[in-house]
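Understanding the architecture of this molecule
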Amino acid sequence: MPKRLLLAALLTLAGAAQAQQRTAFAPGQPWPDNKDTHLNAHGAGVLYDKGRYYLFGEHKVAGPKGNSAQVGVHCYSSKDLYNWQDEGIAFAVAPEGSGSEVEKGCVLERPKVVFNKQTGQYVMWFHLELKGKGYAAARTAVAVASKPTGPYRYVRSYRPGAGQWPLGFKDEWKQPAPGEKDLKWWTPEWRAAVAQGSFIRRDFVPGQMARDMTIFVDDDGKAYNIHSSEENLTLHVAELTADYQGFTGRWNTIAPAGHNEAPAICKRGGKYYLITSGCTGWAPNAARSFVASSIWGPWQQLDNPATGPDADSTYHSQSTYLLPVAGKKDAFIFMADRWTPKNPIEGGYIWLPLTFEGDQPRLRWADRWTLSAFDQPRSKVVATP
Ligand code: GAL
């Protein structure tokens, strides 16, 4: 080939490769990976490890079976958060009929991975429902690996807090109050009964329910599993053991009877911020936000963090993770899912910059934005053209 043609061909190839490079976030749009396939990582979380981000999420399949785990947890990696390389299935479900808790057809949701410095292991937690049992099991499960991309080995599942009262639980609450079973739901008396442990007592022996969840590692290395408990009425925060594979027995409630799901947490200026959703299944609803000076509370409820059009449905999405951007102080990306339960594989991703007005976390819609949004004065973070 003449040199001139070779050069032209090389330039075309380089151009094509460059065209595939993404340079911005486009919330709600299809998000192709390096193989040009829409990311398949729903209810996701992100691990930052040795200069690379690792995205872990539910691998969904097409059609009605797609909301149960047919494959496992999918992993992608990225240097810049815009372009994701397919790293394959990090945690695979066990074969059908194996009788394993995590066999194909179970429900495996909201996987989150953290690194444990003491053991050198990567620890994955997820919400587990046993095959054929709907959402009754309400368990939280753990798997470990020696590499971020896996393969993760299943360890076990838990009902947290078995035989342990939450912090500050009064002695007089350890016995049922007369007539509490007959209280009408959502009345002030019923809410007070929930706050004084009506569901906690019910589940004291088997352990507390654990559905939608996230994991948070604090600056001191202590990790916490935050999950929707008590029939999704109350969030629980439970301290993990030093190896992050079990529970210490120290736990507390957040917003009793507040009906919160989809917890996502970050820490900024020594304070903890929590974003949650209400409980309407796959249908979106208005997000909520909370702030606390200690992970154990008290948690103060703030406003819906979303602003502008579609704020009442969190832009048709539900929170899953608050992602700290490496190298940028107090820069967090709000990650959420736009569920498509009839064909789950199509589910979309809403990533938006999280800003703060005082203590109030704020979200504003942007069709397209880049990480440079975090370099502007924070009150002025807006969409890039
Ligand atoms: C949502 C929850 C999802 C999934 C779904 C099932 O509220 O956040 O993770 O459990 O309900 O209906």
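As a reminder, the structure under discussion sits directly above these lines.
Summary of the structure given here. Computed from a predicted model, the values in this text were never measured in an experiment. (Residues numbered from 1 in each chain as written. Predicted model: local features only at pLDDT ≥ 70, side-chain atom pairs only at ≥ 80, totals over all residues. Heavy atoms only, no water.)

Moving on, we come to the state of the cysteines. Within the structure shown, the criterion is met by zero disulfides. Cysteine 106 provides the cysteine sulfur closest to cysteine 75, a residue in no disulfide bond, and the two sulfurs are 19 Å apart. Take cysteine 75: its relative accessible area is 0%, and that puts it in the buried class. (Disulfide = S-S within 2.5 Å. Buried < 20%, exposed > 50% of the residue type's maximum accessible area, 1.4 Å probe, protein only.)

This paragraph deals with the sheet that holds strand E17 (residues 318-324). An order of E17-E18-E19-E20 is seen for the four strands of this open sheet, with the pairing classed as antiparallel. Two strands bound the open sheet, and with one partner strand each, they are E17 and strand E20 (360-362). Neighbour to neighbour, the strand axes of the sheet diverge by 35° on average, direction disregarded. Two elements, strand E19 (residues 348-357) and E20, share three bridges in a ladder whose sense is antiparallel. (Pairing = 2+ DSSP bridges. Helix = DSSP H or I, 4+ residues; strand = E, 2+ residues; numbered from the N terminus. Axes fitted to C-alpha atoms, helices over the stretch in contact; angles between N-to-C directions.)

Our next topic: the environment of valine 46. Within the fold, valine 46 resides in strand E1 (residues 42-49). Residue classification places valine 46 among the buried positions, given a relative accessible area of 5%. The contact partners of valine 46, leaving out residues within four places of it in the chain, are Tyr53, Tyr54, Leu55, Tyr321, Leu323 and Met335. (Contact = heavy atoms within 4.5 Å.)

Every residue lining the ligand is accounted for by Glu109, Arg110, Tyr135, Asp212, Glu261, Gly281, Trp282 and Gln318. Taking glycine 281, its main chain carries an N or O atom lying 3.1 Å from an oxygen atom of the ligand. In this structure, an oxygen atom belonging to the ligand sits 3.0 Å away from a side-chain N or O atom of glutamine 318. Relative to its free-state accessible area of 310 Å², the ligand is covered by the protein chains to the extent of 90%. A breakdown of the residues in the shell around the ligand according to their chemical character gives two nonpolar, two polar and four charged. (Near = heavy atom within 4 Å. Polar contact = N/O pair within 3.5 Å; in protein donor to acceptor, adjacent residues only side chain to side chain. Areas by Shrake-Rupley, 256 points an atom, 1.4 Å probe, with all protein chains shown as cover. Nonpolar A, V, L, I, M, F, W, Y, C, P; charged D, E, K, R; others polar.)

This paragraph deals with the sheet that holds strand E6 (residues 121-129). The strand order across the open sheet formed by four strands is E5-E6-E7-E8, and the pairing between neighbours is antiparallel. Each of the sheet's edge strands pairs with one partner strand only, and the pair in question is strand E5 (107-116) and strand E8 (153-158). Between one strand axis and the next, the sheet turns by 25° as a mean value, whatever way the strands run. Bridge count for E5 against E6 is eight bridges, and the pairing is antiparallel. Paired with lysine 112 across the bridge in E6 is tryptophan 125.

Among the seven residues that make up strand E18 (residues 332-338), six are buried, leaving the element largely enclosed by the rest of the structure. Note: E17 against E18, six bridges, orientation antiparallel. Within the sheet, the bridge partner assigned to serine 319 lies in E18 and is alanine 336. Pairing between E18 and E19: seven bridges, direction antiparallel. Note that in E19 the partner of alanine 336 across the bridge is isoleucine 350.

Of the consecutive residues glycine 150 and proline 151, the connecting peptide bond is found in the cis state with omega at 5°. Looking along the chain, the bond that leaves glycine 297 and enters proline 298 is cis, with omega of 0°. Tracing the backbone shows proline 298 in the loop between strand E15 (288-292) and strand E16 (300-301). At arginine 110, a residue that is not glycine, the phi angle is positive and equals roughly 55°.

What follows deals with the pattern of salt bridges. Evaluated as defined, the whole model comprises 20 salt bridges. Note that lysine 131 is salt-bridged to glutamate 103, the shortest N-O span being 3.5 Å. Highlighted residues: lysine 131 in the loop between E6 and strand E7 (139-145) and glutamate 103 in the loop between strand E4 (85-92) and E5, separated in sequence by 28 residues. Looking at lysine 131, the relative accessible area reads 37%, which means it is partly exposed. (Salt bridge = Lys/Arg side-chain N within 4 Å of Asp/Glu carboxyl O.)

Moving on, we come to the packing of aromatic side chains. Ring pairs (aromatic) are described by centroid distance and by the angle formed between their planes. All told, the structure shown has 28 aromatic pairs when counted by the stated rule. Where tryptophan 125 meets phenylalanine 247, the ring centres are 5.4 Å apart and the plane angle is 65°; that geometry is what we call edge-to-face. Taken together, the residues span a long stretch of sequence, with tryptophan 125 in strand E6 and phenylalanine 247 in strand E12 (residues 247-254) at a distance of 122 residues. Both residues of the pair, tryptophan 125 and phenylalanine 247, count as buried. Ring geometry for tryptophan 185 versus tryptophan 186: centroids 5.9 Å apart, planes at 75°, classification edge-to-face. Accessibility expressed as a relative area gives 41% for tryptophan 185, which makes it partly exposed. Grouping aromatic residues by their ring pairs yields a cluster made of Phe25, Trp31, Tyr82, Trp84, Trp351, Trp369 and Phe374. Across the ring face of phenylalanine 115, the terminal group of lysine 50 is positioned such that the distance to the ring centre comes to 5.5 Å. One cation-aromatic arrangement involves arginine 156 over tyrosine 158; the distance from NZ or CZ to the ring centre is 3.8 Å. (Phe/Tyr/Trp six-rings, centres within 6.5 Å; stacked < 30°, edge-to-face > 60°. Lys NZ or Arg CZ within 6 Å of the ring centre and 35° of its normal.)

A few words now on the pairing of strand E3 (residues 72-78). For E3, the buried fraction is high: seven of the seven residues fall into the buried class. Inspection of the sheet shows strand E2 (residues 52-58) paired to E3 by six bridges, in the antiparallel sense. Bridged to glycine 57 within E3 is histidine 74. Where E3 lies against E4, five bridges are found, and the strand directions are antiparallel. Among the inter-strand pairings, histidine 74 is bridged to a residue of E4, identified as isoleucine 89.

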